[in-house]
Amino acid sequence: MRDQRFPPELKTWLYAQGSLTQQLTDVAGGVFKVQPLQEHYQRMTLIDSQWMKMPYQHTSWVRESYLYGCDAQPWVKAKSIFPILSIHRKARLFKHIRNQPIGKFLFQRTTPLCERRVLKLADGWTRQSCYTWHGCKFIVQETFLPAFEQFLQQQMNSK
């Protein structure tokens, strides 16, 4: 699934370090919104459990949401996977943030360890980050949607 033929304007975004929340807010002129889609419990996939070095049968709490910039269409589809072990520790705060971005808390006064992989999923180019934050491991998956690619292309064409 790895493919280096992604749109050049996305390369910076797929490999950027730090808070995507802040980066999207900056490029959107200060506009940013989270629209939660669903939160639920599910078993971890084999690939995700191996990446986080967790038991395959482990249950996780999953949060899915859209991230918006200055357009009416969502720019990013986000999915966060928190193993139960993490959600019962310091990461439990993420279960209660409602429509606030995870990045607001994740990067507050800290730079968590991050392993990254980039792949193409059905919805678009995706970066998956496995964070270690205050001893808690979890995955944040961010898929850049066509509306964001169009926004970036328009920005490049207007320069």
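Right, let's walk through the structure included here. Everything quoted here is computed from the prediction, not taken from an experiment.

With that settled, the discussion passes to the sheet that holds strand β2 (residues 59–68). Spatial ordering of the open sheet is given by β1-β2-β3-β6-β5-β4, a layout of six strands whose pairing is antiparallel. Since the sheet does not close on itself, it has two edges, and those belong to β1 (33–43) and β4 (113–121), each with one partner. Neighbour to neighbour, the strand axes of the sheet diverge by 20° on average, direction disregarded. Relative to strand β6 (residues 136–144), strand β3 (residues 76–83) is paired through six bridges, and the arrangement is antiparallel. Residue Ala 78 lies in a different strand from β6, and its bridge partner there is Glu 142. Set on the sheet, helix α1 (residues 8–15) makes contact with β4, β5 (124–133) and β6; between it and β5 the angle comes to about 15°.

Moving on to the packing of aromatic side chains. On inspection of all chains with the given rule, the structure shows 14 aromatic pairs. Centre to centre, the rings of Trp 13 and Phe 148 are 4.9 Å apart; their planes meet at 90°, and the pair counts as edge-to-face. Note that Trp 13 is positioned in helix α1 and Phe 148 in helix α6 (residues 146–157), a separation of 135 residues in sequence. Each of the two residues, Trp 13 as well as Phe 148, counts as buried. Relative to Phe 138, the ring of Tyr 131 lies with its centre 6.1 Å away and its plane at 45°, an arrangement referred to as tilted. Phe 138 shares its class with Tyr 131; the two are buried. Taken together, the ring pairs in this structure connect Trp 61, Phe 82, Phe 94, Phe 107, Tyr 131, Trp 133 and Phe 138 into an aromatic cluster. The ring of Tyr 68 carries Lys 33 above its face, with NZ or CZ at 4.7 Å from the centroid. For the cation-ring pair, Arg 117 lies above Trp 51, with the distance from its terminal atom to the ring centre recorded as 3.7 Å.

One finds Leu 24, Trp 75, Phe 144 and Phe 148 to be the most contacted residues of the largest nonpolar core, which totals 19 residues. Going through the elements one at a time, α1, α2 (20–27), β3 and α6 are the ones with two or more residues in this core. Broken down by element, this core gets its largest block of residues, four residues, from α6. Among all residues touching Phe 144, those that are not within four sequence positions of it are Leu 10, Trp 13, Leu 14, Leu 20, Trp 75, Val 76, Asp 123, Gly 124, Trp 125, Arg 127 and Glu 149. Listed in part, the 15 residues of the second largest apolar core include Ala 91, Phe 94, Phe 105 and Leu 106.

Analysis parameters
Residues numbered from 1 in each chain as written. Predicted model: local features only at pLDDT ≥ 70, side-chain atom pairs only at ≥ 80, totals over all residues. Heavy atoms only, no water. Pairing = 2+ DSSP bridges. Helix = DSSP H or I, 4+ residues; strand = E, 2+ residues; numbered from the N terminus. Axes fitted to C-alpha atoms, helices over the stretch in contact; angles between N-to-C directions. Contact = heavy atoms within 4.5 Å. Phe/Tyr/Trp six-rings, centres within 6.5 Å; stacked < 30°, edge-to-face > 60°. Buried < 20%, exposed > 50% of the residue type's maximum accessible area, 1.4 Å probe, protein only. Lys NZ or Arg CZ within 6 Å of the ring centre and 35° of its normal. Core = buried A, V, L, I, M, F, W, Y, C linked by side-chain atoms within 4.5 Å.

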